[in-house]
Amino acid sequence: MKFFQKSKKGISYQLPVVFSLLLIAVLLFLPTGYEDAVIYKGTERCSAEVVSVDDSKIISTGLIKSGEQSCRVRFEGGMFQGQEAEGVNMLTGSLQTDKIFVPGDRVLVVISHKGEEILSVNLIDHYRIDKEAILAGCFVVLLFVFAGVSGIRAILSFVLTVLTIWKVLVPAYLNGMQPVLLGLGIVLFLTIMIITLVYGFDRRSFAAVSGSFLGILTTCVLGMIFTDAFRIHGAIMTNSESLIYSGYEHLNLTQIFMASIFIGASGAVMDLSVDITSAVQEVVLKKPDITKKEAILSGMTVGRAAMGTMTTTLLLAYSGGSIALLMVFMAQGTPLDNILNYKYISSEILDTLVGSFGLVTVAPFTALTSGLVLAGRKGEQ
């Protein structure tokens, strides 16, 4: 037990940082197997400045524009840096995906070439990577300023999560691995890494991870049951049909949807679990002779107080992305019973309520595990 009794600045607190850095380094260089997509062979990507535009081939019908926009661009990087060429911006009549460029815009282009000869230039979209880097940099600085060392640990957990999803979860799903079991494994791994970055390898981590994963398992089981009960097909997910038509018809989209329910709720579940574990630990430190039962009841009290706001967390997260859809329903006078029976609305209700089940159940689970693990150890504090 001595290893788990080190002070906060001891080796048990530093080891998760070392493991996270090693894992991040491995994931950065881990190939996904999809780097050399056929459609991007013989191409080069870079930013470019729009020098001039020709809108004569654009067909305007009210708000909708179709046809193509010709743009002359000057490449800002790559093997053609400084050169100019004509590029094409295809318009499909979709306000969601179409974009119109004007002289002076910076754009991301894909250059098809044969040796040093430019065959075609496709304008992908406005170039935003520099702004995204600035925003991410401000986020990192803010975390460091307000949280210090804890902020660095939060950044590590953020980067590790992004890389794990992109380099492990997504390729594995594309390769046809079992979605629910893989999702549970990834969530358990991330839960352990993120919570140990908060606490280090000690009893608090064990209590918080146990409570979190029990809540996530509850979400998983309910998600599977009610996805079948609601007769929801995984094709309800955005862009899933495009995935099927791209040659991935063998994928079980419904099980991927089931996994997305508990993956989406896992962050909030971890947050609540850590809050309750920290509260119980604080009570135990202030009253070392507290019994396990009293510690569990204290955790329950904290959990009940947190539920008032946490149960609306997922509701606001999901409904915030559906405001336009709700406005359409209201504008058209769609009856409420029609709305509640639409498949895409039912899937959002399923996401919200099942995820909220996880949040509600994680409170007693974590209160139980933290009370059992942390209390009744007066001689070990």
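Use the structure listed above.
Calculation rules
- Residues numbered from 1 in each chain as written.
- Predicted model: local features only at pLDDT ≥ 70, side-chain atom pairs only at ≥ 80, totals over all residues.
- Heavy atoms only, no water.
- Helix = DSSP H or I, 4+ residues; strand = E, 2+ residues; numbered from the N terminus.
- Areas by Shrake-Rupley, 256 points an atom, 1.4 Å probe, with all protein chains shown as cover.
- Lys, Arg positive; Asp, Glu negative; His and termini not counted.
- Charge placed at Lys NZ, Arg CZ, Asp CG, Glu CD.
- Buried < 20%, exposed > 50% of the residue type's maximum accessible area, 1.4 Å probe, protein only.
- Salt bridge = Lys/Arg side-chain N within 4 Å of Asp/Glu carboxyl O.
- Polar contact = N/O pair within 3.5 Å; in protein donor to acceptor, adjacent residues only side chain to side chain.
- Contact = heavy atoms within 4.5 Å.
- Patch = residues over 30% accessible without salt bridge, like charges linked within 9 Å, V, L, I, M, F, W, Y side chains within 5 Å.
- Expected span 1.5 Å × (residues − 1).
- Bend = angle between axes of the 7 residues up to and from the residue.
- Pairing = 2+ DSSP bridges.
- Axes fitted to C-alpha atoms, helices over the stretch in contact; angles between N-to-C directions.
- Parallel < 35°, antiparallel > 145°, perpendicular 65-115°, else oblique.
- Left-handed = near helix turned anticlockwise from the far one by under 90°.
- Nonpolar A, V, L, I, M, F, W, Y, C, P; charged D, E, K, R; others polar.

1. Re the overall build of the protein chain
In step 1: Assigned secondary structure in the protein chain consists of 12 helices and 6 strands.
In step 2: For the protein chain, the spread of C-alpha atoms along the principal axes amounts to about 80 × 55 × 40 Å.
In step 3: By element, 66% of the accessible surface of the protein chain is carried by carbon and sulfur atoms, the whole surface being about 21,100 Å².
In step 4: If you average the places of the 28 positive and of the 30 negative side-chain charges in the protein chain, the two averages end up 14 Å apart.

2. Observations concerning the side chain of R153
In step 1: The topology assignment puts R153 in helix α3 (residues 149–174).
In step 2: For the buried R153, which has no salt bridge, the nearest side chain bearing the opposite charge is D202, at an N-O separation of 10.0 Å.
In step 3: Looking at R153, its side chain comes within polar contact range of the main-chain oxygen of Y13, at 2.7 Å.
In step 4: Discounting residues that sit within four places of it in the chain, R153 has contacts with Y13, Q14, V17, T196 and L197.

3. Points about a nonpolar patch on the surface
In step 1: Taken together, V141, L142, F144, V145, F146 and I152 make up a surface patch of nonpolar side chains, about 640 Å² in accessible area.
In step 2: With 5 residues, the top contributor of residues to the nonpolar patch is helix α2 (residues 129–147).
In step 3: Looking at where I152 falls in the secondary structure, it is placed in helix α3.
In step 4: A relative accessible area of 38% places I152 in the partly exposed class.

4. Some words on α3
In step 1: With 26 residues, α3 should reach 38 Å at 1.5 Å per residue; the first-to-last C-alpha distance of 37 Å fits that figure.
In step 2: Along its length, α3 shows its largest kink, about 35°, at I165.
In step 3: Trailing α3 by a residue or two, G176 shows a phi angle of about 90°, which is positive.

5. Some thoughts on the pairing of strand β2 (residues 58–61)
In step 1: In terms of strand pairing, β2 meets strand β3 (residues 64–75) through 4 bridges, oriented antiparallel. Among the inter-strand pairings, I58 is bridged to a residue of β3, identified as G67.
In step 2: Hairpin connection, β2 to β3: the antiparallel pair is bridged by 2 residues, and G62 has positive phi, about 70°.

6. Considering the packing of helix α4 (residues 179–199) against helix α5 (residues 203–229)
In step 1: The geometry of α4 relative to α5 is characterised by a closest axis approach of 10 Å and an angle of 155° between their N-to-C directions. One finds that α4 runs roughly antiparallel with respect to α5. When you trace α4 past α5, the crossing you get is right-handed. Every residue of α5 that contacts α4 at V180, L184, V187, L188, T191, I192, I195, T196 and Y199 is listed here: R204, S205, A208, V209, S212, F213, I216, L217, C220 and M224.
In step 2: Of the residues assigned to the contact of α4 with α5, the class counts are 14 nonpolar, 4 polar and 1 charged.

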